[in-house]
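Listed below, chain by chain, are the residues.
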Amino acid sequence: MMRMTEMVKHLLIINIIFFIGSQIAPQAEELFALYYFENPKFKIWQPLSHMFMHGNLMHIFFNMFALVSFGTALEQYWGSKKFLFFYISCGIGAMLLHTGVNYYEFHSNYNFLIENGISAEGIQTLLQGGSINVNSTADQFLMQNAINKMSMAYNVPAVGASGAIYGLLVAFAFMYPNAELAMMFIPVPIKAKYFVPIILGIDLFLGLRGDSLFGGTGTGVAHFAHLGGAICGFFMMWYWKKNQFDKNRWDR
């Protein structure tokens, strides 16, 4: 069993402190979770702070289990500074893709409502939790679906380290492609080079199906944030490998 490394330990402690704090003071979520950037609740520190917030005990347990499992091996090889840089970068990459998808969801549905007779004032009322009478020739199901998607993209915050964790998964598969990992509900171990593409494929499928946004029409899982972290991790690993970055490790 590999001994937990220092930066992984620090990240674990910080996440636990944030989680306990959010349980004691629920209003902390409004301050530290990631809100859509056009929402007045958005704060400049949220792209970073949301990575240390979690929705429930199961959420933080699985993320921290993965952090310890994969992060320890990576930090031991890279050193603390490079590991932390990679971890935070993947979390930011996850945030950027998640925000980009939210932007598309919000504005495409905003334009749809405008084109079908909903005023800008009426939309603002909807975003603030009110309701309006919909007088439109558009299909009522499409109208309600547009309202739901736009409202969720605007109002529901994102929390969690999952984007950064997916970056760690990709890095682990790069460095230890033949390591065998167990997927939930599948008792047979799968090599990392197959395991990671499978779970990314599942996230892509669910995201494109409509379960894409944290607070979208599906499960409440930020599938595109997962993919954003993985994409960022992939390109960083590809660049470092191409430039043989690991031969010049950062000062630990």
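Not measured: the values here are computed from a predicted model.

Moving on, we come to the pattern of salt bridges. Opposite charge on two side chains permits them to pair, given that their charged atoms come into close proximity. Applying the stated rule across the entire model yields three salt bridges. Notably, a salt bridge pairs Glu-6 with Arg-3, separated by 3.8 Å at the nearest N-O pair. The class of Glu-6 is partly exposed, set by a relative accessible area of 37%. The class for Arg-3 is exposed, based on a relative accessible area of 60%. As a salt-bridge pair, Lys-41 and Glu-30 come within 3.8 Å of each other at their nearest N and O atoms. Highlighted residues: Lys-41 in the loop between α2 (28-32) and α3 (46-49) and Glu-30 in helix α2, separated in sequence by eleven residues. With relative accessibility at 42%, the residue Glu-30 sits in the partly exposed group. Via salt bridges that share partners, Arg-3, Glu-6 and Lys-9 belong to a single interconnected network.

So, about the confidence of the model for the protein. For the protein, the mean per-residue pLDDT works out to 86, and 85% of the residues sit at or above 70. Scored below 50 in pLDDT, residues 212-219 makes 34 contacts in the model with residues more than four places away or belonging to other chains.

The description of an aromatic ring pair rests on the distance of the ring centres and on the angle between the ring planes. Per the counting criterion, the structure on display carries 18 aromatic pairs. A ring pair is formed by Phe-61 and Phe-62, whose centres lie 5.4 Å apart and whose planes are at 75°; its orientation type is edge-to-face. Phe-61 gets classed as partly exposed once you look at its relative accessible area, which sits at 48%. With a centroid separation of 4.9 Å and 55° between ring planes, the pair formed by Trp-78 and Phe-86 is classed as tilted. What links up through ring pairs into an aromatic cluster is the set Tyr-36, Phe-37, Tyr-103, Phe-106, Tyr-110 and Tyr-154.

About the thresholds
- Residues numbered from 1 in each chain as written.
- Predicted model: local features only at pLDDT ≥ 70, side-chain atom pairs only at ≥ 80, totals over all residues.
- Heavy atoms only, no water.
- Salt bridge = Lys/Arg side-chain N within 4 Å of Asp/Glu carboxyl O.
- Buried < 20%, exposed > 50% of the residue type's maximum accessible area, 1.4 Å probe, protein only.
- Helix = DSSP H or I, 4+ residues; strand = E, 2+ residues; numbered from the N terminus.
- pLDDT = per-residue confidence, 0-100.
- Contact = heavy atoms within 4.5 Å.
- Phe/Tyr/Trp six-rings, centres within 6.5 Å; stacked < 30°, edge-to-face > 60°.

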